[in-house]
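Coordinates in review
For reference, the chains in residue letters:
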Amino acid sequence: MSDFLTDPPIKSPVILQRRTVLKGVAGILAAGIFPAVHAQEKIVLRYLGTAVNQDRAIAEKFKADTGITIQYVAVSTDDVIKRAVTAPNSFDLIDAEYFSLKKIIPTGNLRGIDVKRIKNAGKITPLFTTGMVAGKAVGDQGTAPKKVIYLEGEKSKIFSKTPTQFMSLIPTVYNADTLGIRPDLIKRPITSWAELLNPEFKGKASILNIPSIGIMDAAMVVEAMGIYKYPDKGNMTKKEIDLTIKTLIEAKKAGQFRSLWKDFNESVNLMASGEVVIQSMWSPAVTAVRSKGIACTFQPLKEGSRAWAAGFGLPSTLSGKKLDGAYEFINWFLDGWAGAHLNRQGYYSAVLETAKANMEAYEWAYWMEGKAATKDIKGPNGTMLAKIGEIRDGGSYEARMGSINCWNAVMDENNYMVQKWNEFVAA
């Protein structure tokens, strides 16, 4: 997948947004000028999440528009969950993956987000609310967002099976992951997850070392190899976990893996150096490799993809002006500038309509419709990502998100799974 920005500043017209003003300051907003009260009160929102989802440009644009400061608190995927469970007072906004909600919501540490306070809530893509893309249901093994996006009430610790006024998370970014490859070094078509364990790539393969995600990739490989078909790859039994880990350990002992990567930059360096030619990979990591002028493909695979999704949550302890400020940020985020910015990185945004309004027609055609680039696609620093005539890896939004096989998840047997995964890492 080629990912990122276009030519220097986007030339799409400035769209003045009418916003709901913070409590007590109605009437201050004038002709596109945001309330000065933000700057005077110096609201700072502590934004907890992983570094890959914390974009300085978004924080700077939001502050310029509203005067509210976003203070990023970057931790690992596992630590996002730990903080949410043990220290809800340590953040004002959380950017968490939907699969983590089964651990977080029962604690009562997140409050239901009132959709009546979210202007574009009704425009959130149905992928999240009904599990549909272009009118067709996608795979929902694992923690599909539709299973955990609604709560029974604002202070509920229970998910609702039907739509309610309160959402657990408001979607931020999502995508469907497959394998990243170096086509210049492999020099043949790659069409299956099974290739990750192909002895042809002995010593030049890598898999993601985050247990709850890595085991999903491993399950995709096991199934693609015809070893076993899982009823639900996102919620394995102990026997299924044993089988999956046994397959990985055998491959590792045979020298299949050059490395097990846990850090975004590590995955980029492994691929850019050529030490690895095929691996679990995230979309922006493919972008980072391409930005170095090195061939790298986010490879569509016939068995489908492993999808993931993140969203904004609010701690139950948040109140007053900080709570209002957090709602202001979520509304701003869905208004389109941030969505367009994320789309240009190869992510997908929650409200496609507003993102489209903030992108040039040729950008939208390339990133979202799977059409050949009619202008060069460049990164924010001017680096070429795609030349005229090139098509985005995986094609259109409908093609990529419509091919979901399973979603990132936390299993009922999570503790056992982590124990077995650690045996694989130590093998």
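Computed from a predicted model, the values in this text were never measured in an experiment.

The rules behind the values
Residues numbered from 1 in each chain as written. Predicted model: local features only at pLDDT ≥ 70, side-chain atom pairs only at ≥ 80, totals over all residues. Heavy atoms only, no water. Helix = DSSP H or I, 4+ residues; strand = E, 2+ residues; numbered from the N terminus. Buried < 20%, exposed > 50% of the residue type's maximum accessible area, 1.4 Å probe, protein only. Contact = heavy atoms within 4.5 Å. Areas by Shrake-Rupley, 256 points an atom, 1.4 Å probe, with all protein chains shown as cover. Polar contact = N/O pair within 3.5 Å; in protein donor to acceptor, adjacent residues only side chain to side chain. Core = buried A, V, L, I, M, F, W, Y, C linked by side-chain atoms within 4.5 Å. pLDDT = per-residue confidence, 0-100. Pairing = 2+ DSSP bridges. Axes fitted to C-alpha atoms, helices over the stretch in contact; angles between N-to-C directions. Phe/Tyr/Trp six-rings, centres within 6.5 Å; stacked < 30°, edge-to-face > 60°. Lys NZ or Arg CZ within 6 Å of the ring centre and 35° of its normal. Parallel < 35°, antiparallel > 145°, perpendicular 65-115°, else oblique. Left-handed = near helix turned anticlockwise from the far one by under 90°. Salt bridge = Lys/Arg side-chain N within 4 Å of Asp/Glu carboxyl O.

Secondary structure assignment for the protein chain yields 17 helices and 20 strands. Across the 427 residues of the protein chain, 58% fall into the buried class. Taking the intrachain contacts of the protein chain between residues at least 6 apart in sequence as the baseline, contacts between residues at least 24 apart amount to 72%. Total accessible area on the protein chain stands at roughly 17,300 Å², and carbon and sulfur atoms take up 53% of it.

If you check which residues of helix H10 (residues 264-273) are buried, you get Ser267, Val268, Leu270, Met271 and Ala272. Buried residues belonging to H10 abut strand S11 (179-181), strand S12 (205-208), strand S13 (257-261), strand S14 (278-280) and helix H11 (283-290). N-capping of H10 is provided by Asp263, with a side-chain oxygen placed 2.9 Å from the backbone N of Asn265.

Counting residues in each nonpolar core, the largest one holds 89 residues, and the members touching the most others are Leu93, Leu127, Leu314, Phe329, Ile330 and Met401. A per-element tally of this core places helix H12 (residues 320-334) first, with eight residues. Residues in contact with Leu127, not counting those within four places in the same chain, are Met132, Val133, Val138, Tyr174, Tyr397, Met401, Ile404 and Trp407.

Bringing the confidence of the model for the protein chain into the picture now. Per-residue confidence for the protein chain gives a mean pLDDT of 89, with 89% of residues at or over 70. This model gives residues 1-39 a pLDDT under 50, and the stretch forms 96 contacts once residues within four places in sequence are excluded.

Let us look at the sheet that holds S11. Strand order across the open sheet formed by five strands is S13-S12-S14-S11-S15, with mixed pairing between neighbours. A strand with exactly one partner marks an edge of an open sheet, and here the two such strands are S13 and strand S15 (297-299). Direction aside, the axes of adjacent strands within the sheet are offset by 25° on average. One ladder, built from three bridges, connects S11 with S15; its direction is antiparallel. For Leu179, the partnering residue across the bridge sits in S15 and is Gln299.

On to the packing of aromatic side chains, then. If you walk through the whole model with that rule in mind, you get 21 aromatic pairs. With a centroid separation of 4.9 Å and 80° between ring planes, the pair formed by Phe128 and Tyr174 is classed as edge-to-face. Of the two residues, Phe128 is situated in helix H5 (residues 126-129) and Tyr174 in strand S10 (residues 170-177); the sequence distance between them amounts to 46 residues. Neither residue differs from the other here; Phe128 and Tyr174 are each classed as buried. With a centroid separation of 6.1 Å and an interplanar angle of 35°, the aromatic rings of Trp332 and Trp337 are classed as tilted. Trp332 gets classed as buried once you look at its relative accessible area, which sits at 2%. The class of Trp337 is partly exposed, set by a relative accessible area of 27%. Grouped by ring-pair contacts, the aromatic residues Tyr47, Phe62, Tyr72, Phe312, Phe329, Trp332, Phe333 and Trp337 constitute a single cluster. Positioned over the ring face of Tyr416 is Lys238, at 5.1 Å from the centre of the ring.

What you see with S12 is no split at all: Ala205 and Ile207 on one side and Ser206 and Leu208 on the other are buried throughout. Both S12 and S13 contribute to a ladder of four bridges, which runs parallel. Along S13, the bridge assignment pairs Ser206 with Ser259. Bridge analysis of S12 against S14 gives two bridges, and the strand direction is parallel. Looking at the pairing, Ser206 lines up with Gln279 of S14.

A few words now on the packing of H10 against H11. It is the contact of H10 with H11, at a shortest axis distance of 9 Å, that shows an interaxial angle of 45°. When the axes of H10 and H11 are compared, the pair comes out oblique. For the pair H10 and H11, the sense of crossing is right-handed. Residues Phe264, Ser267, Val268, Met271 and Ala272 of H10 lie in contact with H11, whose contacting residues are Pro284, Ala285, Ala288 and Val289.

Here we come to the environment of Ala194. Position of Ala194 among the secondary structure elements: in the loop between helix H7 (183-186) and S12. As for Ala194 and Glu303, which are separated by 109 residues in sequence, their C-alpha atoms are 9.6 Å apart. Residues contacting Ala194, with those up to four places away along its chain left out, are Val221, Ala224 and Met225.

Right, let's get into the pattern of salt bridges. According to the stated counting rule, one finds 23 salt bridges in the structure shown. Residues Asp92 and Arg46 are paired through a salt bridge, measuring 3.0 Å at the closest nitrogen-oxygen approach. Taken as a pair, Asp92 in the loop between helix H3 (77-86) and strand S3 (93-97) and Arg46 in strand S1 (residues 44-49) lie far apart in primary sequence, 46 residues in all. Overall, Asp92 belongs to the buried group, its relative accessible area being 2%. Across the pair Lys246 and Glu250 runs a salt bridge whose closest N-O atoms are separated by 2.8 Å. Note that Lys246 and Glu250 are positioned in helix H9 (residues 238-253) at a spacing of four residues, about one turn of the helix. The network of salt bridges with common partners includes Arg46, Asp92 and Lys322.

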